[in-house]
Amino acid sequence: MDDQHARPTERSNVDDEAERRKRSGQSAAHARIANQASWVDQQVRVAMAKGEFDDLPGAGKPIKDLGTEHDPDWWIKRLVEREQITVLPPSVALRKEDAGLDDHLDTIAFEGDVRREVEDFNARVIRARYSLSPGPPLVTMPRDVDATIAAWRARRTARLEAQRAALAASRPEPRRRWWQRRGRTD
């Protein structure tokens, strides 16, 4: 008798689960996933029949680098090529940074930030001087922080004066009102 009572509860659980899936739409989602591959194939066939794949760019041309041997680092090489990334020896990188340091400092507005940038540059130059690095020898010297900041201040002042002069030249002369013109004798 216990076996007879167990069967109806198992059946009712299965029926309840089926009813729950039916109400929640899980069975429909499962069916969509199962039929997705055939649906995609059907969409491709319809698009081919409409001619949507005709005259695509690169049609009839060989795929670039298809015949070469497998290179596990192909993606990093493509990234370097696409982004034009250059990896320079530390001595050359510091020389290049030294050449553009004044232009970089001119984009900074506060003296404290300029001081930090120059001190950071000097620390990297000194670190590179005391380390063995591949490539050409390091000829870049650390910069005098106070002299670099004084030159930055002079360039900044000249830029601000030039901006003020350009602004003053572009402003029209204020118009005189009619009551101000009456007393003029020129």
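Residues numbered from 1 in each chain as written. Predicted model: local features only at pLDDT ≥ 70, side-chain atom pairs only at ≥ 80, totals over all residues. Heavy atoms only, no water.

Student: Tell me about the nonpolar core, and name the residues and values.
Tutor: In a soluble, globular protein the nonpolar side chains are often hidden away together inside. In terms of nonpolar packing, the biggest core is built from 13 residues, with Leu94, Leu105, Val114, Val118, Phe121, Val125 and Leu138 touching the most fellow members. Setting aside residues up to four positions removed in sequence, Leu94 forms contacts with Phe121, Arg124, Val125, Ala128, Leu138 and Thr140. (Core = buried A, V, L, I, M, F, W, Y, C linked by side-chain atoms within 4.5 Å. Buried < 20%, exposed > 50% of the residue type's maximum accessible area, 1.4 Å probe, protein only. Contact = heavy atoms within 4.5 Å.)

Student: Any chance you could break down a nonpolar patch on the surface for me, citing the residues and the numbers?
Tutor: Together, Trp39, Val40, Val44, Met48, Phe53 and Leu56 give the surface a local cluster of nonpolar side chains, amounting to about 580 Å² of exposed area. Looking at the secondary structure, you find Trp39 in helix H3 (residues 36-50). (Patch = residues over 30% accessible without salt bridge, like charges linked within 9 Å, V, L, I, M, F, W, Y side chains within 5 Å. Areas by Shrake-Rupley, 256 points an atom, 1.4 Å probe, with all protein chains shown as cover. Salt bridge = Lys/Arg side-chain N within 4 Å of Asp/Glu carboxyl O. Helix = DSSP H or I, 4+ residues; strand = E, 2+ residues; numbered from the N terminus.)

Student: Can you lay out the confidence of the model for the chain for me, pointing to particular residues and giving the numbers?
Tutor: Per-residue pLDDT for the chain has a mean of 82; in total, 83% of the residues score no lower than 70. Taking the mean pLDDT of every element in the chain, the minimum, 65, falls on helix H1 (residues 2-24) and the maximum, 95, on helix H6 (residues 111-129). Below pLDDT 50 for its whole length, residues 1-6 participates in 0 contacts with residues either more than four positions away or in separate chains. (pLDDT = per-residue confidence, 0-100.)

Student: Now, about helix H7 (residues 145-170): what can you tell me, with residues and values included?
Tutor: The first and last C-alpha atoms of H7 sit 37 Å apart over 26 residues, in line with the 38 Å expected at 1.5 Å per residue. Of the positions making up H7, those classed as buried are Val145, Thr148, Ile149 and Trp152. If you follow the buried residues of H7, they end up packed against helix H5 (90-106) and H6. (Expected span 1.5 Å × (residues − 1).)

Student: Explain the packing of H5 against H6 to me, and be specific about the residues and the numbers.
Tutor: For the pair H5 and H6, interaxial distance at closest approach is 11 Å and the crossing angle is 175°. Considered as vectors, H5 and H6 are oriented roughly antiparallel to each other. Seen from H5, the contacting residues are Leu94, Glu97, Asp98, Leu101, His104 and Leu105; seen from H6, they are Val114, Glu117, Val118, Phe121, Arg124, Val125 and Ala128. Tallied by class, residues from the contact of H5 with H6 come to 8 nonpolar, 1 polar and 4 charged. (Axes fitted to C-alpha atoms, helices over the stretch in contact; angles between N-to-C directions. Parallel < 35°, antiparallel > 145°, perpendicular 65-115°, else oblique. Nonpolar A, V, L, I, M, F, W, Y, C, P; charged D, E, K, R; others polar.)

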